[in-house]
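One-letter residues, chain by chain:
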Amino acid sequence: MRSASRMTLPLAAAVLLLAPAAGRAQEAASDTLLTVNHYLDWEQVADPQISPDGQQIVYTRRWVNRLEDKWESALWLMNADGSHARFLVKGASARWSPDGTRISYLADGDPAGTQVFVRWMDATGATTQVTRVTNTPAELRWSPDGKVIAFAMLVSDKHEWPISMPAAPPNAKWTPAPRMVDRMHYRQDRRGFMDFGFLHLFVVPADGGTPRQLTAGPWNVGSRFDGLESGVGYDWTPDAKTIVFEGLKDPAADYNYRNAHIYAVDVASGAIRQITQRPGTWTDPVVSPDGRTIAFTGGDSSRMSYRAAGLYVMGLDGGNVRKLSGTLDRDPGDLTWAPDGSGLYFSAGDRGTSNVWFVPATGGAAPRKITDGVHLLSLSSLARSLTAAGVRSTFTDPPDVVRFDLKRPGAPQRLTTVNDDVLAGIRLAKEEEIWYPSSGGARVQAWIVKPPGFDPAKKYPLILEIHGGPHGMYSVGFSYMFQNFAANGYVVLYVNPRGSTGYGTAFGNAIERAYPSVDYDDLMAGVDTVLGRGYVDAKRMYVSGCSGGGVLSSWVIGHTTRFAAAAVRCPVIDWISMAGETDIPLFTYNFFDAPFWEKPDQWLKQSSLMYVGNVTTPTLLMTGELDLRTPMPQSEEYYQALKMRHVPTVLLRFSGEYHGTGSKPTNFMRTQLYMMSWFQKYGGTPAPAATSGSN
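Let me sum up the structure you'll find in this document. (Residues numbered from 1 in each chain as written. Predicted model: local features only at pLDDT ≥ 70, side-chain atom pairs only at ≥ 80, totals over all residues. Heavy atoms only, no water.)

### Considerations on helix α5 (residues 548-557)
For α5, the buried fraction is high: 10 of the 10 residues fall into the buried class. Taken together, the buried positions of α5 are G548, G549, G550, V551, L552, S553, S554, W555, V556 and I557. (Buried < 20%, exposed > 50% of the residue type's maximum accessible area, 1.4 Å probe, protein only. Helix = DSSP H or I, 4+ residues; strand = E, 2+ residues; numbered from the N terminus.)

Take a look at the structure:
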C-alpha cells in the first residue's frame with residue numbers, strides 16, 4: 001500500500017490442512033521458457049544521465065550477487081549511440097557537472113558508509129571523495145557554476161530520557177535502556193526504526209571540503225507522505241545563489257498527512273522564505289533557465305484519497321501562479337524545462353502506458369504528447385540539444401536505456417540489451433488488452449497474458465493477480481512474474497480496477513471511504529469477461545495479490561467461492577489493528593470518515609477479517625518478517641481465524657523481507673514457486689514438460 005457486491009456464502013466443510021503443499025517439482029527446467037532459474041542471471045538498468053553536450057550517457061546497472069543473495073549496482077558509461085559501453089565505477093546516483101567534465105555520485109567510502117564522490121571524465125579518470133560524513137547523503141545537485149554540490153542528509157538529534165540510574169559495576173552486562181518513542185512516525189518500512197533527527201540540505205565544495213548545512217530546525221525538507229522519507233525535490237537558481245525546495249517548515253509536521261510547501265533558501269546566509277501560500281501539496285520545484293519562473297506540481301489541500309496532480313508555474317517570489325496542465329487529468333512527473341525556457345517536458349502515466357509530454361510555459365495551449373507508444377517510457381535526463389535519455393519497457397521487452405530526440409519525435413533508440421543473453425531462445429508469453437463494462441457504467445482496462453504456444457481450444461487455469469496501492473497502475477511493462485506464470489501454463493489476468501491511477505481523478509477516487517467496494521466489482525467483471533472467451537477452466541481459477549492486492553484478494557475470498565485457491569500476500573485484513581501497527585497511520589485513518597473509536601462500523605465493514613466466516617477457499621498467506629507497512633500481525637490474525645474455521649491454510653514468514661516478499665532474489669523465486677505449488681495442490685496445471693532443446 002502506499003498504498004462490491006455483498007453476498008452471504010454457505011458455510012462448507014473443509015479439511016484441516018496438516019501438511020504443506022505437495023513436494024513435487026513446481027517447475028520443469030527449460031531453456032525455451034522463462035523459469036525462476038533464469039532470474040539469477042537477470043539484470044536491471046536505471047537512472048540514465050546524458051551529458052550536457054549529448055555525447056555520453058552514464059547509467060546504473062544492477063545484477064544478482066548469488067553468494068550474498070542481494071542486488072549489486074555499479075555505474076556504466078557509453079556513447080550516446082550505445083557504443084563503447086563499459087563499467088565505470090562502483091556506485092549509483094550519478095549526475096553530470098554543468099560543463100560535462102565531471103560526475104558526482106554516491107558510493108561506499110571512508111571512514112564508513114555512503115559518501116559523495118567526484119570523478120573527472122577525461123582520460124585520467126581521477127576520483128575524489130568529497131565528503132566524510134557519518135550520516136547518509138542523498139539527492140545530489142551540482143550548482144550551475146560547478147563549484148559546489150548540494151545534497152540532503154539527516155541531522156541527528158539527541159533524543160533520550162535522562163533518569164538517575166546508578167553507575168554500572170565494572171564489566172557489568174546490564175540490559176540496554178529501552179528505546180524511547182514519542183512521535184507518531186518512528187519507523188519506516190525497509191529501514192526499521194528511524195533515527196531521530198531531521199532531513200536538511202547541505203552544500204560541499206566540488207573538490208572536497210567541509211559540508212555546510214543550509215537548512216536547520218525541528219522540521220524536514222522534502223515532501224512526505226505520511227511521515228515517510230522519500231527524497232527531496234529541489235533545484236538551484238541559475239546564479240547559484242538560491243535553492244528552491246519542497247518541505248514543511250512546521251515543528252508539528254509529525255501530524256501532517258500530505259501538505260507541503262515550496263521554499264527558497266539563500267545559499268550564502270541560510271535565510272529561508274516560503275514561496276507557496278495556499279495550503280496544499282506543492283512539490284517538485286524546477287527553476288527555469290532564466291531564473292524567473294518555478295515549475296512545480298501538486299494541488300490544494302483535500303481529504304480526497306486520490307487526486308491527479310496539476311502542473312503549475314509561478315514567479316520566484318510566488319506571484320502569478322498559473323496552472324499549465326489544464327484539463328489533463330494525469331500525474332505529471334520527470335519535470336524538465338526546455339533549454340530555451342519555452343516550456344516543460346514531463347512524463348505521465350495514462351491507461352497502462354507512460355509517454356513524454358510538452359506544455360508551453362506561456363500557457364494557453366493544452367499539453368501535447370511528444371512520444372507515443374504502447375510502452376513505459378521515462379524522461380530521465382535531457383541534453384542541450386534536446387536529445388533525451390530514459391528507460392523503456394514493453395510487455396516483451398525488459399527495461400533498457402533508450403535515447404530519443406524531442407525535436408523530431410520518433411521511436412526511441414534502444415541503447416542497452418542487458419537481458420538479451422537470458423532471453424535468447426526463450427518463447428515469451430503474449431498479452432491481449434481488453435476493455436469491459438462494470439457496475440455503475442464504469443469501463444475497465446485489463447490485460448490477458450497467454451502461455452507460449454497458446455491454443456484457444458484448450459482449457460487453462462487462470463490466475464487473477466491484483467495490484468497494490470491501492471492507488472497504483474498496472475502497465476504494459478515487462479513482468480517477470482507474469483511471464484513465469486504463463487511459462488508454466490497459466491493464463492494471467494491483471495486489471496486496473498477503480499482506485500487505479502492513470503485514468504483520472506474520478507476513477508482513482510471511486511473507492512474513497514469505500515475500500516474495497518466497486519474495485520471488487522471490476523475484478524469479478526474481468527474474470528467473467530475472460531471466462532466468456534471459452535479457454536479458461538472455471539474450476540481452476542486462482543486469486544493473488546500483495547499489499548493492496550492482499551487487501552482485495554482476502555476480500556475476494558470472503559465474497560465469492562469461485563476460486564479454487566488463493567495466495568494472499570502482505571495483506572491488510574483488519575483496519576482497526578492496522579492503524580496501530582503500520583508505518584503509515586495517517587493514510588489508514590484518512591480512508592475513513594471518523595476514527596474507529598467514534599464510528600467503528602465502517603472500519604469493520606471494510607475489513608476482510610469480518611468476512612472470514614464466509615471463506616472456504618484454501619488460502620496461502622505470505623508476508624515478510626520485517627514488514628512495517630502491512631505488518632505480520634495482519635497475516636497472523638487472518639491465519640488464526642482461518643485455522644479456527646478449519647479452512648486449509650499455510651502462513652509463510654519470509655526471512656529478511658520488509659513489505660513484499662521478493663526484494664531478495666531467492667525470495668522472489670520462492671514466492672513464485674510456493675504460489676504455483678499451492679495452486680497445483682488445488683487443481684492447478686502440473687509443471688510443463690518443456691526440456692532443454694524443446695520448442
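### Side note on empty space enclosed by the protein
Which parts of space are left empty comes out when a probe the size of a water molecule is rolled across the atoms. Size it by volume and the largest cavity reaches roughly 60 Å³. In terms of lining residues, the largest cavity is bounded by I466, H467, P470, P497, R498, G499, S500, I511, Y515, D519 and L552. Tallied by class, the residues present in the lining of the largest cavity amount to six nonpolar, three polar and two charged. (1 Å grid on protein atoms, 1.4 Å probe; cavity = no way out; pocket = protein on both sides within 12 Å on 5 of 7 lines; lining within 4 Å. Points joined across faces, edges and corners; volume = space filled by probe spheres on them. Nonpolar A, V, L, I, M, F, W, Y, C, P; charged D, E, K, R; others polar.)

### Thoughts on the packing of aromatic side chains
This model, assessed by the stated rule, comprises 46 aromatic pairs. Ring geometry for Y39 and W71: centres 5.9 Å apart, planes at 85 degrees, overall edge-to-face. Here the residue Y39 occupies a position in the segment before β1 (43-50), and W71 occupies one in strand β3 (residues 70-79), the gap between them amounting to 32 residues. The same class applies to Y39 as to W71, namely buried. Consider the rings of W555 and Y611, whose centres lie 4.9 Å apart with planes at 65 degrees: the pair is edge-to-face. Taken together, the residues W555 in helix α5 and Y611 in the loop between α8 (600-605) and β39 (619-624) connect sequence positions 56 residues apart. This pair shows no difference in class: W555 is buried, exactly as Y611 is. Taken together, F225, Y257, Y515, W575, F587, Y589, F591, F592, F596, W597 and W603 form an aromatic cluster joined through their ring pairs. Sitting over the face of the ring of W76, R61 holds its NZ or CZ atom 4.3 Å from the ring centroid. Across the ring face of W120, the terminal group of R102 is positioned such that the distance to the ring centre comes to 5.2 Å. (Phe/Tyr/Trp six-rings, centres within 6.5 Å; stacked < 30°, edge-to-face > 60°. Lys NZ or Arg CZ within 6 Å of the ring centre and 35° of its normal.)

### Concerning the nonpolar core
It is characteristic of soluble globular proteins that their nonpolar side chains tend to be buried jointly. Judged by nonpolar contacts, the single largest core of 58 residues is most densely connected at L464, L493 and Y638. When residues in this core are grouped by element, the largest group, seven residues, is from helix α4 (residues 518-531). Those residues within four positions of Y638 in sequence are excluded, and the remaining contacts are S554, I557, I573, S608, L609, V612, V615 and L621. Among the nonpolar cores identified, the runner-up in size contains 29 residues, and I463, Y503, Y542 and A567 belong to it. (Core = buried A, V, L, I, M, F, W, Y, C linked by side-chain atoms within 4.5 Å. Contact = heavy atoms within 4.5 Å.)

### Side note on the pairing of strand β30 (residues 387-393)
The buried fraction of β30 amounts to six of the seven residues, a majority that puts the element mostly inside the structure. As defined by bridge partners, strand β28 (residues 376-377) adjoins β30 across two bridges and the pair is classed as antiparallel. Each residue of the ladder has a partner; that of L377, found in β30, is R392. In terms of strand pairing, strand β29 (residues 381-382) meets β30 through two bridges, oriented antiparallel. Bridging across to β30, L382 finds its partner in A388. As judged from the six bridges shared by β30 and strand β31 (residues 400-405), these two strands associate in the antiparallel manner. Each bridged residue has a counterpart across the sheet, and for A388 the counterpart in β31 is F404. Between the antiparallel neighbours β30 and β31 lie six residues. (Pairing = 2+ DSSP bridges.)

### Topic: the pattern of salt bridges
Under the counting rule described, the total for this entry stands at 27 salt bridges. With a shortest N-O distance of 3.7 Å, E160 and K158 are connected by a salt bridge. In terms of burial, E160 and K158 fall into one category: exposed. For D593, the salt bridge identified is with R513, shortest N-O distance 3.3 Å. With D593 in the loop between α7 (585-590) and α8 and R513 in the loop between α3 (505-508) and α4, this pair connects stretches of sequence that are 80 residues apart. (Salt bridge = Lys/Arg side-chain N within 4 Å of Asp/Glu carboxyl O.)

### Some details on the pairing of strand β10 (residues 148-156)
In the sheet, strand β9 (residues 138-142) pairs with β10 via three bridges, with the strands oriented antiparallel. Within β10, the residue paired with R141 across the bridge is A150. Two successive antiparallel strands, β9 and β10, enclose a turn made up of five residues, where G146 displays a positive phi of approximately 75 degrees. Pairing of β10 with strand β13 (residues 197-205), which is carried by nine bridges, proceeds in the antiparallel orientation. Within β13, the residue paired with I149 across the bridge is V204.

### So, the sheet that holds strand β4 (residues 86-89)
To summarise the sheet geometry, strands pair through backbone hydrogen bonds and adopt either a parallel or an antiparallel arrangement. Read from one edge to the other, the open sheet built from four strands follows the order β1-β2-β3-β4, with strand pairing classed as antiparallel. Of all the strands in the sheet, the pair left with one neighbour each is β1 and β4. This sheet shows a mean twist of 40 degrees between the axes of neighbouring strands, independent of strand direction. Bridging between β1 and strand β2 (residues 56-65) involves six bridges; their strand directions are antiparallel. When the bridges of β2 are listed, E43 appears paired with W63. (Axes fitted to C-alpha atoms, helices over the stretch in contact; angles between N-to-C directions.)

### Topic: the sheet that holds β9
Taken together, four strands build an open sheet; the order of strands is β9-β10-β13-β14 and the sheet is antiparallel. The outermost strands of the open sheet, each flanked by one partner alone, are β9 and β14 (212-213). As paired strands, β13 and β14 are joined by two bridges and run antiparallel to one another. Across the sheet, residue F202 finds its bridge partner in β14, namely Q213.

### Describing the packing of α4 against α5
α5 packs onto α4 with a crossing angle of 75 degrees between their chain directions and a minimal axis gap of 11 Å. It follows from the interaxial angle that α4 and α5 lie roughly perpendicular. For the pair α4 and α5, the contacting residues are D519, Y520, L523 and M524 in the first and L552, W555 and V556 in the second. (Parallel < 35°, antiparallel > 145°, perpendicular 65-115°, else oblique.)

Read these as geometric descriptors, not functional statements.
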